Amino acid sequence: MFDRLVGRNAMPALERALQFASARQRVIVNNIANLETPGFRPVDVSVEGFQDQLRAAIDDRQARLASGVGDGAASGADGGLSLEDTDEVMLTTSGLELTPRPIGEGILGHDGNDRSLERILQSLTENVMQFRFAAALVRGQFASLDAAIRERP
Amino acid sequence: MSGLLDVSVSALVAQRTRLDAIAANLASADIGGNPNGPVKPPSIREVLFATGDPANNSELGVHVADIREVRAFIPRYEPLNPYADADGRVWYPDINPVEQQVNMMLAARSYEANIAAIEATKSMTNSAMEILS
């Protein structure tokens, strides 16, 4: 697991993770903006679903690399990481496009809004942490590249 | 990444508009008049929210769909008041101060929640900037 996060082929996966977190941030921020809007139902996408999707893509690339296709399997604009589209997460030219679903929890209020501020703020915090985690790893990748170029740490 | 702040700021604007209306309601609670005379009592303003942000042509965010003017009055018997009607009644807007205060708290808390969302987005943007440094 760890070598896939910091290894030489980690950048495409980290890029997807950053794209997912920034697309999901838009969904969460919209939930917070509409806390008091009558008839609004908070929506979200499944993080587990995206992680399964990403894991499948990474496993697929590892299998192709191991089966002796060579470095060609890890080349191309997407670094050989082909994310299978699901009905929630779709890869477009401008990043990941999310199709969030209503998160049906909480008691439906008199205004038809089943807000749950705590849950929404929890997903906000988690999402920011995931983004910062991926950004720190990307930064580490660039630092190792930098060290390799300078030939000293 | 772009446009994340637009969504939160649209909510800040909407909640502030709501606070303005509540402040106006509370301020005008004691202005009396005669609905059928030259000096009319003020009506109650109710702010209605809807999803979407027409200012940015976006489906995300929130905006003030309408500010409803509710003309509901309650009479007080004040025959010496120059605004009194023929029966000695002066009409005041039927403002429920408790209801207004609860709405004021909700608007303020919602404003704070959106400030928290802006802070979170800012910290994300900052860590993205650190990649470049």
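Here the structure is shown first, and the text comes after it.
So, here's what we can say about the structure.

Rules used in this analysis
- Residues numbered from 1 in each chain as written.
- Chains lettered and ligands numbered in written order.
- Predicted model: local features only at pLDDT ≥ 70, side-chain atom pairs only at ≥ 80, totals over all residues.
- Heavy atoms only, no water.
- Contact = heavy atoms within 4.5 Å.
- Buried area = accessible area lost by both parts, 1.4 Å probe.
- Salt bridge = Lys/Arg side-chain N within 4 Å of Asp/Glu carboxyl O.
- Polar contact = N/O pair within 3.5 Å; in protein donor to acceptor, adjacent residues only side chain to side chain.
- Helix = DSSP H or I, 4+ residues; strand = E, 2+ residues; numbered from the N terminus.
- 1 Å grid on protein atoms, 1.4 Å probe; cavity = no way out; pocket = protein on both sides within 12 Å on 5 of 7 lines; lining within 4 Å.
- Points joined across faces, edges and corners; volume = space filled by probe spheres on them.
- Nonpolar A, V, L, I, M, F, W, Y, C, P; charged D, E, K, R; others polar.
- Patch = residues over 30% accessible without salt bridge, like charges linked within 9 Å, V, L, I, M, F, W, Y side chains within 5 Å.
- Areas by Shrake-Rupley, 256 points an atom, 1.4 Å probe, with all protein chains shown as cover.
- Buried < 20%, exposed > 50% of the residue type's maximum accessible area, 1.4 Å probe, protein only.
- Core = buried A, V, L, I, M, F, W, Y, C linked by side-chain atoms within 4.5 Å.

**Examining the interface of chain B and chain A**
Right, so step 1: Of the residues lining the interface, 30 residues belong to chain B; the matching set on chain A comes to 25 residues.
Right, so step 2: Interface of chain B and chain A: buried area, both sides summed, is about 2,300 Å²; carbon and sulfur atoms make up 66% of it.
Right, so step 3: Considering only the surface of chain B that becomes buried against chain A, B:L4, B:M124 and B:I131 emerge as the three largest contributors, covering 25% of it.
Right, so step 4: Our count for the chain B to chain A interface comes out at one salt bridge.
Right, so step 5: The salt bridge involving A:E36 is made with B:R18; its shortest N-O contact spans 3.1 Å.
Right, so step 6: The interface formed by chain B and chain A holds six residue pairs in polar contact (both at pLDDT 80 or more) in total.
Right, so step 7: Contributions of two or more residues to the side of chain B that touches chain A are made by α1 (4-27), β1 (44-53), β2 (58-70) and α2 (97-132) of chain B.
Right, so step 8: At 14 residues, α2(B) tops the list of elements feeding residues into the side of chain B that touches chain A.

**Re the layout of surface pockets**
Vacant regions in the atomic arrangement are exposed by a probe of water-molecule size rolled over the atoms.
All names here are of chain B.
Right, so step 1: Size it by volume and the largest pocket reaches roughly 630 Å³.
Right, so step 2: Taken together, the elements giving at least two residues each to the lining of the largest pocket come down to α1, β1 and α2.
Right, so step 3: Across the lining of the largest pocket, the residue classes tally to twelve nonpolar, five polar and nine charged.

**Some remarks on a nonpolar patch on the surface**
Residues and elements named next belong to chain A.
Right, so step 1: Where nonpolar side chains cluster on the molecular surface, the patch consists of F142, L145 and I149 and spans about 320 Å² of accessible area.
Right, so step 2: Among the secondary structure elements, F142 is positioned in helix α4 (residues 117-150).
Right, so step 3: Of the residues examined, F142 reaches a relative accessible area of 39% and is grouped as partly exposed.

**Structural notes on the nonpolar core**
Right, so step 1: By size, the foremost hydrophobic cluster in this structure holds 29 residues, and its most contacted members are A:L18, A:I32, A:L124 and B:V62.
Right, so step 2: Setting aside chain neighbours within four positions, we find A:L124 in contact with A:Q25, A:I28, A:I32, B:A116, B:A117 and B:A120.
Right, so step 3: Counting residues in each nonpolar core, the second largest holds 16 residues, with A:A13, A:F20, A:F50 and A:L54 among its members.

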